[in-house]
Amino acid sequence: MNYQNFFRAELARLKDDGNYRTFADLERHRGAFPAATNRHAGGERDVTIWCSNDYLGMGQHPSVLAAMHDALDTVGAGAGGTRNISGTTHHHVLLERELADLHGKEAALLFTSGYVSNWAALGTLGAKIPGMVILSDALNHASMIEGIRHSKAERIIWKHNDLADLERHLAALPLDRPKMIAFESVYSMDGDIAPIKEICDLADRYNAMTYLDEVHAVGMYGPRGGGIAEREGLMDRITVIEGTLGKAFGVVGGYIAASAELVDFVRSFSSGFIFTTALPPAVAAGACASIQHLKQSSTERDGQQARVAEVRARLDDIGIPHIENPSHIIPVMVGDPVKCKYLSDVLMERFGIYIQPINYPTVPKGTERLRITPSPVHTAEDIDTLVAALRDLWAHCQLSRVPLAAE
Ligand SMILES: *Cc1c(COP(=O)(O)O)cnc(C)c1O
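Throughout what follows, the structure given in this document is the object of discussion. (Residues numbered from 1 in each chain as written. Predicted model: local features only at pLDDT ≥ 70, side-chain atom pairs only at ≥ 80, totals over all residues. Heavy atoms only, no water.)

For the pair helix H4 (residues 90-102) and helix H12 (residues 281-296), the least separation of the axes is 9 Å and the interaxial angle reads 30°. The angle between H4 and H12 falls in the class roughly parallel. Considering only the axes of H4 and H12, their crossing is left-handed. Across the interface between the two elements, His91, His92, Leu94, Leu95, Glu98, Leu99, Asp101 and Leu102 from H4 touch Pro281, Ala284, Ala285, Ala287, Cys288, Ile291, Gln292 and Lys295 from H12. Looking at the contact of H4 with H12 residue by residue, the class counts come to 10 nonpolar, 3 polar and 3 charged. (Axes fitted to C-alpha atoms, helices over the stretch in contact; angles between N-to-C directions. Helix = DSSP H or I, 4+ residues; strand = E, 2+ residues; numbered from the N terminus. Parallel < 35°, antiparallel > 145°, perpendicular 65-115°, else oblique. Left-handed = near helix turned anticlockwise from the far one by under 90°. Contact = heavy atoms within 4.5 Å. Nonpolar A, V, L, I, M, F, W, Y, C, P; charged D, E, K, R; others polar.)

Turning our attention to the packing of aromatic side chains. Counted according to the given criterion, the structure contains 3 aromatic pairs. Taking the centre distance of 5.9 Å and the plane angle of 65° together, the rings of Phe6 and Phe7 count as edge-to-face. Taken together, a centroid distance of 4.9 Å and an interplanar angle of 50° make the contact between Phe265 and Phe269 tilted. In this pair, Phe265 and Phe269 are both assigned in helix H10 (residues 260-269), 4 residues apart and thus about one turn of the helix distant. For Phe265, a relative accessible area of 28% gives the class partly exposed. Taking the relative accessible area as the measure of exposure, Phe269 reaches 44% and is therefore partly exposed. Sitting above the plane of the Tyr360 ring, Lys365 keeps its charged end 4.4 Å from the centroid. (Phe/Tyr/Trp six-rings, centres within 6.5 Å; stacked < 30°, edge-to-face > 60°. Buried < 20%, exposed > 50% of the residue type's maximum accessible area, 1.4 Å probe, protein only. Lys NZ or Arg CZ within 6 Å of the ring centre and 35° of its normal.)

What follows is about the site of the ligand. In the vicinity of the ligand there are 13 residues, among which Tyr115, Asp213, His216, Thr244 and Lys247 approach most closely. Between the ligand and the protein, one listed contact pairs an oxygen atom with a side-chain N or O atom of His216 at 2.4 Å. Lys247 has a polar side-chain atom sitting 2.8 Å from an oxygen atom of the ligand. Bound to the protein, the ligand loses 84% of the 370 Å² it would expose on its own. (Near = heavy atom within 4 Å. Polar contact = N/O pair within 3.5 Å; in protein donor to acceptor, adjacent residues only side chain to side chain. Areas by Shrake-Rupley, 256 points an atom, 1.4 Å probe, with all protein chains shown as cover.)

What follows is about the sheet that holds strand E4 (residues 107-111). The strand order across the open sheet formed by 7 strands is E4-E10-E9-E8-E7-E5-E6, and the pairing between neighbours is mixed. Looking along the sheet, the strands with just one partner apiece sit at the ends: E4 and strand E6 (154-158). If you compare each strand with its neighbour and ignore which way they point, the axes differ by 20° on average. Across 5 bridges, the pairing between strand E5 (residues 133-137) and E6 is parallel. Bridging from a neighbouring strand, Asp137 pairs with Trp158 of E6. Sitting on the sheet, helix H5 (residues 114-128) is in contact with E4, E5, strand E7 (179-184), strand E8 (209-213), strand E9 (240-244) and strand E10 (254-258), with an inclination near 155° to E9. Packed onto the sheet, H10 meets E4, E8, E9 and E10 and runs at close to 25° relative to E4. (Pairing = 2+ DSSP bridges.)

To continue, consider the environment of Val334. Topologically, Val334 is positioned in the loop between strand E11 (330-333) and helix H14 (337-351). By relative accessible area, Val334 is classed as buried at 15%. As a C-alpha pair, Val334 and Trp394 span 60 residues in sequence and 9.9 Å in three-dimensional space. Apart from the residues within four sequence positions on either side, Val334 is in contact with Lys339, Cys340, Leu343, Glu368, Arg369, Leu370, Trp394 and Leu399.

The computed volume of the second largest pocket comes to approximately 160 Å³. Lining the second largest pocket, in full, are Gly31, Ala32, Phe33, Leu56, Gly57, Met58, Gln60, His61, Pro62, Glu300, Pro376 and Val377. (1 Å grid on protein atoms, 1.4 Å probe; cavity = no way out; pocket = protein on both sides within 12 Å on 5 of 7 lines; lining within 4 Å. Points joined across faces, edges and corners; volume = space filled by probe spheres on them.)

Turning our eyes to something else, we now look at the nonpolar core. Leu95, Ile181, Phe183, Ile196 and Leu245 are the most contacted members of the largest nonpolar core, which has 55 residues in total. Per-element accounting of this core gives the leading share, 6 residues, to H12. Contact partners of Ile196, with chain neighbours within four places excluded, come to Phe183, Ser185, Leu212, Ile228, Ala229, Leu234 and Ile238. If you look at the next biggest cluster of nonpolar residues, it comprises 33 residues, including Ile330, Leu343, Ile372 and Leu393. (Core = buried A, V, L, I, M, F, W, Y, C linked by side-chain atoms within 4.5 Å.)

Any empty space left between the atoms is revealed when a probe the size of a water molecule rolls over them. This model, assessed by the stated rule, comprises 2 cavities of 30 Å³ or more. Taken as a whole, the largest cavity spans an internal volume of roughly 110 Å³. Lining the largest cavity are Arg83, His92, Leu110, Phe111, Thr112, Val116, Gly272, Phe273, Thr276, Thr277, Ala278 and Leu279. For the lining of the largest cavity, the secondary-structure elements that each account for two or more residues are E4 and helix H11 (271-274). Taken together, the residues of the lining of the largest cavity sort by class into 6 nonpolar, 5 polar and 1 charged.

Strand order in the open sheet made by the 4 strands is E1-E2-E3-E12, with mixed pairing throughout. In this open sheet, the two edge strands, each paired with only one partner strand, are strand E1 (25-28) and strand E12 (353-354). The pairing of strand E2 (residues 35-40) with strand E3 (residues 43-49) spans 6 bridges and is classified as antiparallel. Bridging across to E3, Ala35 finds its partner in Thr48.

If you want it as C-alpha cells, here you go:
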C-alpha cells in the first residue's frame with residue numbers, strides 16, 4: 001500500500017463532501033473576551049468569537065486567573081505524576097471536595113477531561129458490573145458512546161428523549177438484571193433538555209442506575225450552577241453526575257460526582273483514571289475558584305440568559321431560521337455542508353465574526369448549522385454587528401427564511 005496516497009485520497013474525499021475541518025488560529029486578549037486576533041495566510045484580523053463553550057467568560061475571570069497565578073507561583077507547573085504516584089496535590093483534594101458539594105454528592109473524582117471522564121467511568125461501570133446493560137440515548141456524546149463500546153457491556157440505544165421508547169426497552173429486560181440509563185441534560189447541538197424527572201421515575205420502576213452528562217449545564221443552571229438536575233431538585237435521584245471544567249467553568253478537566261462507594265470503585269478500577277498524569281495544580285486551583293464564584297454569583301448566568309433571549313429575538317425579527325429550545329444554545333440551520341462552511345468563511349473574512357461551521361459527523365447530514373453561543377460579555381454592539389452580517393449573508397446566498405408575520 002502507498003500510505004501517503006491513501007491519506008491524500010481520504011482527505012480529498014472529505015474536502016469534496018465539505019466536511020474537512022480547518023481550525024481558526026486565534027489569539028484572545030486577556031480580559032477582553034470575546035475579542036481575539038485571527039492569523040491567516042494573508043495576515044491577521046480582529047474577530048469576535050461567537051461559538052465558544054466558555055459560555056460565561058469565566059476563562060477570563062480575574063479570580064480564576066488570580067488563583068491560577070497564585071498556584072503556579074507557590075507550587076509550580078505540572079502535577080509530576082499520576083494521582084497514585086505523587087500527583088495528588090492539595091489543590092486536587094480541594095477541587096474534588098468542591099465538586100462533591102456542588103452536586104450534593106458524597107464524593108467526586110477528577111479526570112483530565114470531560115471526554116476521559118465519560119470514557120473511563122462508563123467504560124469501568126459497564127465492564128465491571130456483571131451482566132450490565134447500558135441504555136443509551138440516541139444523541140449521546142461521542143465520549144459516552146466510546147466509553148460504552150469500550151466496556152463491552154450490552155448496549156441498547158433508545159430514541160432521543162423518548163420516554164415511551166425507553167420504557168419499552170426497560171420493560172423487556174429482567175427486573176433484577178443490572179442496568180444503567182445514560183443520557184445528557186442539555187444536548188449541545190440542538191440545545192434541547194432531557195425529561196430528567198421522568199427518566200428517574202422509570203429508573204426507579206425498573207431498578208436502573210442513572211448516568212447524567214451535565215457538561216453543557218454545569219455552572220449555567222441551578223441556583224449554584226449545579227446544572228439542570230440542581231435547578232429541578234433532582235440531583236439526589238441521579239446515580240452519577242458527570243461534568244466538565246472546560247466549558248462554563250472556563251478551564252479544563254472532567255469529573256464524576258456520586259456516592260463514596262461508586263467513586264472509590266471507579267478510582268480503584270478505571271485505567272483511564274489510574275494510568276495518566278494528574279492535571280496541573282494551577283488548573284485545579286483555577287477550576288476551584290471558578291466553581292466557588294459561580295456557586296455564589298448568578299450575575300453571569302442572568303447576563304447570559306438575557307443575551308441569548310436578545311439574539312433569538314433579533315434573529316426572529318429578520319427571519320433567520322434557528323431551532324427553538326429551552327437552553328442557551330442557538331443553532332442557526334443551514335442544511336448544507338458547503339454553504340455552511342462558506343457562510344462561516346465569509347463571516348470571518350468580511351465581518352470579523354467567528355462562528356465555526358458544524359457539519360457531519362458532529363450533526364446528521366442535512367442539518368448543518370452555525371451554532372451561536374452568546375455570553376454575558378458580548379456587547380449590544382457585538383449583537384448589532386452579528387445580526388447585520390447574517391441579514392446580508394442570508395440575502396446574498398438566497399438561503400431560506402422563516403416567513404415573517406408581517407409578510
Ligand atoms: C464537550 C463534551 C464532553 C467532553 O468534555 P471535555 O471536557 O471537552 O472533554 C462530554 N460530553 C458532552 C456532551 C460534551 O459536549
